[in-house]
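# Structural characterization, general
Below, each chain spelled out in residue letters.
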Amino acid sequence: MEVDRDFIIIGAGAAGLSAAQYAARANLNVLLIEEMAPGGQSLIIDKLENYPGFPEPVTGAEFAQRLERQAKNFGVEFLYASVTGLSKKDDLFEVETTRGTYKSYTVLLSTGAKHRKLGVPGENEFHGRGVSYCATCDGPFFKNKRVLVVGGGDAACDEASFLSNLTDRVIVIHRRDRFRAQKALAERILKNPHIEVRFNTTLSEIMGENKVEKVLLSRTDREEQYEEEIDGVFIFIGSDPQTALVPEAEKDEGGYIVTNQRMETNIPGLFAAGDVRSTPFRQLVVAAGEGAVASHCAVQYVDILKGEAYI
């Protein structure tokens, strides 16, 4: 089976774009496939101010454009298409897309994860205008403001704790009568004087004019609804990693792909990086670093297959 590319990257977020430029610099023939626009989750960031080396905030869109331009400068080929299938035969991968089928020695899956949404009125309308899925990214915009955190798992408790360092008006709601987070995390939240916890409570609607101004909350243990003035809503009810292409890849209990420190999956030649990967911390800088590692190791893998490895 004839090979078309050395390295195919699926997903042009921070991980995919970083991997692409590192691989191209190492003289691999790289194809980067993206179904929408390069940048991934960075595209929804209004002001990116915590990426190392950027003392002045930039928009997520500008950050993505810089990564894209850098990758193209190193000779990365971009293909805008949806990937419909991924399989391996012998030592080669076959990547089926809506614009043709390509064969490669190795593949990086950097398809990311989509934040799970509540699906309540106002959630989509106010996304980026008071509704957020990342306290680390957007929390500083709500210093000394009144914020609502929705969720009862580890992520919700972690993010609520982070927000409590920025404001003493944090309300955490959870639909059940206790947190499902680790006990130590849950206790930390319950003892935090800057956090008010309301169990048996759900978010029914987000309201405002040009930004979030108030929410409608509902009790799950009795028929009661009430409005609450709120400046920001942070939703942490889980994420859905985009792993449909690789059902046979090993995953953790959350459905994220498990790799070793070289970003290698249990399938030889298949790498994973970024938000699709099982990791304790999901940030742009982490994804970019993982992409670089995956690329470096993919180069070594390709050299072995070509019989060009340095021994």
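What is meant by a disulfide is a covalent connection between two cysteines, made through their sulfur atoms. As enumerated under the stated definition, the model contains 1 disulfide in all. The disulfide partner of C134 is C137, and the gap between their sulfur atoms is 2.2 Å. Disulfide C134 to C137: torsion about the S-S bond roughly 70°, handedness right-handed.

Right, let's talk about the environment of V83 for a bit. Its place among the elements puts V83 in strand β4 (residues 83-89). Remark: the alpha-carbon pair of V83 and E96, spanning 13 residues in sequence, is separated by 5.8 Å. The residues contacting V83, other than those within four sequence positions of it, are I10, I33, V95, E96, T97 and L245.

The backbone phi angle of N27 is positive, close to 75°, even though this residue is not glycine. Residue placement: N27 occurs in the loop between α1 (14-25) and β2 (30-34). In this structure, N200 is a non-glycine residue whose phi angle is positive, near 50°. Tracing the chain through its elements places N200 in the loop between β11 (195-198) and β12 (201-208). Note on N200: relative accessible area 18%, which makes it buried.

This paragraph deals with the side chain of R277. Its place among the elements puts R277 in the loop between β17 (270-272) and α6 (284-306). The buried category is assigned to R277, whose relative accessible area is 12%. Within the local environment of R277, its side chain forms a polar contact with the side chain of E290, the two groups lying 2.7 Å apart.

A few words now on the environment of A24. For A24, the location among the structural elements is in helix α1. Taking the C-alpha atoms as reference points, A24 and D221, separated by 197 residues in sequence, lie 57 Å from one another. In contact with A24, not counting residues within four places along its chain, are V30, F74 and V76.

This brings us to helix α2 (residues 60-73). Here α2 contains 14 residues, and its C-alpha end-to-end distance of 20 Å stays within 8% of the 20 Å for a straight helix at 1.5 Å per residue. What α2 keeps buried is the set G60, F63, A64, L67, E68 and A71. The buried residues of α2 all sit within an arc of 135° when viewed along its axis, so they share a single face. Against the buried residues of α2 lie α1, β3 (77-80) and α6. G75 sits one or two positions beyond α2 and adopts a positive phi of about 95°.

Helix α5 (residues 183-191) packs onto helix α4 (residues 154-163) with a crossing angle of 40° between their chain directions and a minimal axis gap of 9 Å. Classified by the angle between their axes, α4 and α5 sit oblique to one another. As for the relative orientation of α4 and α5, their crossing is left-handed in sense. The segment α4 lies against α5, with D154, C157, D158, A160 and S161 engaging L185, A186, R188 and I189. Considering only residue class, the contact of α4 with α5 consists of 5 nonpolar, 1 polar and 3 charged.

Taken in spatial order, the 3 strands make up an open sheet running β12-β13-β14, and their pairing is antiparallel. Edge positions in the sheet fall to β12 and β14 (225-229), since each of these pairs with one other strand and no more. In this sheet, adjacent strand axes meet at a mean angle of 25° when their direction is disregarded. Pairing between strand β13 (residues 212-219) and β14: 5 bridges, direction antiparallel. When the bridges of β14 are listed, S218 appears paired with Q225.

Right, let's talk about the packing of aromatic side chains for a bit. Evaluation of the coordinates by the stated rule reveals 8 aromatic pairs. Measuring from ring centre to ring centre gives 5.8 Å for F54 and F63, while their planes differ by 70°; the resulting arrangement is edge-to-face. Since its relative accessible area comes to 3%, F63 is described here as buried. Stacked on the ring of Y256, the Lys or Arg R282 has its end atom at 3.8 Å from the ring centre.

Turning our attention to the pattern of salt bridges. Within the structure shown, the criterion is met by 16 salt bridges. Residues K103 and E94 are paired through a salt bridge, measuring 3.8 Å at the closest nitrogen-oxygen approach. Looking at K103, the relative accessible area reads 18%, which means it is buried. According to the relative accessible area criterion, E94 is partly exposed, its value standing at 23%. Residue R222 is joined to E224 by a salt bridge in which the shortest nitrogen-to-oxygen separation is 2.6 Å. The exposure class of E224 is partly exposed, given its relative accessible area of 31%.

Reading the values: rules and limits
Residues numbered from 1 in each chain as written. Predicted model: local features only at pLDDT ≥ 70, side-chain atom pairs only at ≥ 80, totals over all residues. Heavy atoms only, no water. Disulfide = S-S within 2.5 Å. Helix = DSSP H or I, 4+ residues; strand = E, 2+ residues; numbered from the N terminus. Contact = heavy atoms within 4.5 Å. Buried < 20%, exposed > 50% of the residue type's maximum accessible area, 1.4 Å probe, protein only. Polar contact = N/O pair within 3.5 Å; in protein donor to acceptor, adjacent residues only side chain to side chain. Expected span 1.5 Å × (residues − 1). Arc of directions from axis to C-beta. Axes fitted to C-alpha atoms, helices over the stretch in contact; angles between N-to-C directions. Parallel < 35°, antiparallel > 145°, perpendicular 65-115°, else oblique. Left-handed = near helix turned anticlockwise from the far one by under 90°. Nonpolar A, V, L, I, M, F, W, Y, C, P; charged D, E, K, R; others polar. Pairing = 2+ DSSP bridges. Phe/Tyr/Trp six-rings, centres within 6.5 Å; stacked < 30°, edge-to-face > 60°. Lys NZ or Arg CZ within 6 Å of the ring centre and 35° of its normal. Salt bridge = Lys/Arg side-chain N within 4 Å of Asp/Glu carboxyl O.

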